[in-house]
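Residues per chain are reported as follows:
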Amino acid sequence: MSVVEKQHSAEAMALEARFGAQNYHPLPVVLSKGEGVFVWDLEGNKYYDFLSAYSAVNQGHCHPKIVGALKEQAEKLTLTSRAFYNDQLGRYEQYLCNYFGYDKVLPMNTGAEAVETAIKLARKWGYEKKGIPAGKAKIIVCQNNFHGRTITIISASNDPVATENFGPFTPGIISIRYNDIAALEEAIDENVAAFLVEPIQGEAGVYVPDDTYLEEAQAICKKNNVLLIADEVQTGIARTGRLLASCGNCSCPEGLCSGTPQVKPDVLILGKAISGGVFPVSAVLAREDIMEVIRPGNHGSTFGGNPLACAVAMAALEVVREEGLARRAEALGNRFRQRMKEIIAETHWVRLVRGKGLLNAIVIDDTEDSSTAWEICMALKENGLLAKPTHGNIIRFAPPLVMTEAQLEECISIIRKTLLEFQKEA
Ligand SMILES: *Cc1c(COP(=O)(O)O)cnc(C)c1O
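Residues numbered from 1 in each chain as written. Predicted model: local features only at pLDDT ≥ 70, side-chain atom pairs only at ≥ 80, totals over all residues. Heavy atoms only, no water.

Asks: Talk me through the environment of Ala56; I want residue IDs and the actual numbers.
Replies: With respect to the helices and strands, the residue Ala56 is situated in the loop between α2 (52-55) and α3 (64-74). Measuring from C-alpha to C-alpha, the distance between Ala56 and Ser275 comes to 7.5 Å, with 219 residues separating the pair along the chain. Apart from residues lying up to four places away in sequence, Ala56 is in contact with Lys272, Ala273, Gly276 and Gly277. (Helix = DSSP H or I, 4+ residues; strand = E, 2+ residues; numbered from the N terminus. Contact = heavy atoms within 4.5 Å.)

Asks: Could you give an account of the layout of surface pockets, with specific residues and numbers?
Replies: Where empty space is left can be seen by rolling a probe of water-molecule size over the atoms. Size it by volume and the largest pocket reaches roughly 1800 Å³. Around the largest pocket, the lining comprises 47 residues; the ones closest to its centre are Tyr54, Phe146, Arg149, Asp159 and Glu203. Of all the elements in the fold, those that place two or more residues in the lining of the largest pocket are α2, α5 (111-130), α6 (151-154), α7 (160-163), β14 (388-391) and β15 (394-397). There are two domains that each give the lining of the largest pocket at least three residues, and those are domain 1 (3-59 + 325-425) and domain 2 (65-322). Reported here for the second largest pocket is a volume of approximately 800 Å³. Taken together, 27 residues line the second largest pocket, and the ones lying closest to its centre are Glu16, Pro26, Leu27, Val29 and Leu31. Of all elements in the fold, only α1 (9-19), β1 (31-35) and α2 reach the threshold of two or more residues within the lining of the second largest pocket. Taken together, the residues that form the lining of the second largest pocket break down as 18 nonpolar, five polar and four charged. (1 Å grid on protein atoms, 1.4 Å probe; cavity = no way out; pocket = protein on both sides within 12 Å on 5 of 7 lines; lining within 4 Å. Points joined across faces, edges and corners; volume = space filled by probe spheres on them. Domains from an automatic or database assignment. Nonpolar A, V, L, I, M, F, W, Y, C, P; charged D, E, K, R; others polar.)

Asks: Tell me about the site of the ligand, and please be specific about residues and values.
Replies: Looking at the ligand, the residues that line it are Thr110, Gly111, Ala112, Phe146, His147, Gly148, Glu198, Asp231, Val233, Gln234 and Lys272. In this structure, an oxygen atom belonging to the ligand sits 2.8 Å away from a side-chain N or O atom of Gln234. Calculation on the ligand without its partners gives an accessible area of 380 Å², and the protein chains cover 81% of this total. Using a 2 Å cut-off from the grid points, one finds that the ligand occupies the largest pocket. Grouping the amino acids of the shell around the ligand by side-chain chemistry returns three nonpolar, five polar and three charged. (Near = heavy atom within 4 Å. Polar contact = N/O pair within 3.5 Å; in protein donor to acceptor, adjacent residues only side chain to side chain. Areas by Shrake-Rupley, 256 points an atom, 1.4 Å probe, with all protein chains shown as cover. Sits in = over half its atoms within 2 Å of the grid points.)

Asks: Pulling in residues and values, what's your account of the pattern of salt bridges?
Replies: Throughout the structure, instances matching the rule amount to 19 salt bridges. Note that Lys76 and Glu72 form a salt bridge whose closest N and O atoms lie 4.0 Å from each other. Overall, the relative accessible area of 59% leaves Lys76 in the exposed class. With its nearest N and O atoms 2.2 Å apart, the salt bridge here joins Lys129 to Glu292. Placement of the pair is Lys129 in helix α5 and Glu292 in the loop between α10 (288-291) and α11 (307-322), with a sequence separation of 163 residues. Note on Lys129: relative accessible area 38%, which makes it partly exposed. What you see here is one network of salt bridges that share partners, running through Arg335, Arg339, Glu405 and Glu409. (Salt bridge = Lys/Arg side-chain N within 4 Å of Asp/Glu carboxyl O. Buried < 20%, exposed > 50% of the residue type's maximum accessible area, 1.4 Å probe, protein only.)

Asks: Run through the packing of aromatic side chains, naming residues and quoting values.
Replies: Using the criterion set out here, one finds nine aromatic pairs in the structure. Aromatic rings pair up to connect Phe38, Trp40 and Tyr48 into one cluster. Across from the ring centre of Tyr207, 4.0 Å away, lies the NZ or CZ of Arg354, which sits over that ring. (Phe/Tyr/Trp six-rings, centres within 6.5 Å; stacked < 30°, edge-to-face > 60°. Lys NZ or Arg CZ within 6 Å of the ring centre and 35° of its normal.)

Asks: Outline the environment of Ser52, supporting the account with residue identities and numerical values.
Replies: Summarising the element assignment, Ser52 is placed in helix α2. Separated by 15 residues in the primary sequence, Ser52 and Val37 place their C-alpha atoms 8.3 Å from one another. Once residues within four sequence positions are removed from consideration, Ser52 is found in contact with Val57, Arg239, Ala398, Pro399 and Pro400.

Asks: Kindly report on the domain arrangement of the chain, identifying the contributing residues and their values.
Replies: On domain assignment, one finds that the chain holds domain 1 (3-59 + 325-425) and domain 2 (65-322). For domain 1 versus domain 2, the distance between C-alpha centres works out to 27 Å. Contacts between the two partners involve 29 residues from domain 1, matched on the other side by 28 residues from domain 2. For the pairing of domain 1 and domain 2, the buried interface totals around 2300 Å² over both sides, and the portion due to carbon and sulfur atoms is 52%. For the pair domain 1 and domain 2, the interface holds two salt bridges. (Buried area = accessible area lost by both parts, 1.4 Å probe.)

Asks: Before we move on, can you summarise helix α9 (residues 213-223) with the specific residues and values?
Replies: Where α9 is concerned, the buried positions are Tyr213, Leu214, Ala217, Gln218, Ile220 and Cys221. Around the axis of α9, the buried residues are gathered within 165° of arc, so they sit on the same side. Away from its buried face, by an angle of more than 90 degrees, α9 presents the exposed residues Lys222 and Lys223. On its buried face, α9 sits against β5 (138-142), α8 (181-187), β7 (192-197) and β8 (227-231). Asn225 lies just past α9 and shows a positive phi near 55°. (Arc of directions from axis to C-beta.)

Asks: Let's hear about the side chain of Asn145: which residues, and what values?
Replies: With respect to the helices and strands, Asn145 occurs in the loop between β5 and α6. Taking relative accessible area as the criterion, Asn145 reaches 8% and is therefore assigned buried. Looking at Asn145, its side chain comes within polar contact range of the main-chain oxygen of Cys142, at 2.7 Å. In terms of polar contacts, Asn145 uses its side chain to reach the backbone carbonyl oxygen of Ala156, at 2.7 Å. Each residue touching Asn145, except ones within four places of it in the same chain, is listed here: Ala156, Ser157, Asn158, Glu198 and Gln201.

Here it is, written out as structure tokens:
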């Protein structure tokens, strides 16, 4: 057995407090094991995971097929850098392009890197294909977006906590209201290279735009020769009941696209669940006429496209197809929102539930800077379910998509019980 003494949660948290940068404020639970929809803490308490690592673990924790692919590839070859070819990358690129219906892919590691890559691609395309004068390219983004944490990406943010004292910022970014087509039309001029948008704003509190928003945005972008860039790092890979939340024209392996608006982003950004939470993998997909502006030396990453990432991501995407996760997310999501509406009718202070598929949130009748959502998440934890507030009054509910109906019912009971108890105390 291990010579290291068994660690307790309090010690683990104290170590992080003492030696770690305090750039997060976690719920006080120390996890040491995960399987499917469950995680366990150091004391052996079992919880339903209702965050799924911000939708990275759509396929469930430690999925045997994905972990198997990791182990198998890890024993053969892990990293070559792109100075040489490796035997997994080409296969992976072909697999990804066919899976999502794009010509080309540029592999990266984290979501933020993929967003950066898409911005660089759009600017270069703007100068070389659209004819924007040197140094004048603009990217349009939406207020309350979340695209990551690099300097350029936070330059597009209007969240003071994310931006304060990190300037100077990257110029060439215009911010407009989300879900406002007129604002997009107004913001576009001949120097705009791209419109970068989340199909649903996850971090902002699961804001679902109007059904026709993306379709109309696509039409305006097309008319003005502006690239539509969809950041599907959180919404992609079956989370919202479709392979992609912008899905409409892609080669959806489950044929769930009919009836949805016909939207096909010019540039698609993926991350998180593309590896099932097993390894950092991200990707930028685009048509050939866009991606071809990137030439050797223009962009890169030591780990991007490494054979371990390729093997893991292929297995993770196979799982999505084999287990019908988009269909499952859609069915479970409909049931979840229905049940939540019933619970809301019983409480006096839960305002609404919103979302798509298994990306949902409840909004509580309190202010954005209140601690109510946090207190409810603490109570949910005591009752065996882990969720995290996105704001003081909003709780996101995003379990792994491999959940069964019976498990979902149990979770709904936990949420109901917690909310009603909380009401009594309040
Ligand atoms: C999480 C997220 C990112 C950033 O991904 P990281 O891997 O954390 O860098 C970008 N865009 C969206 C929509 C996200 O949810």
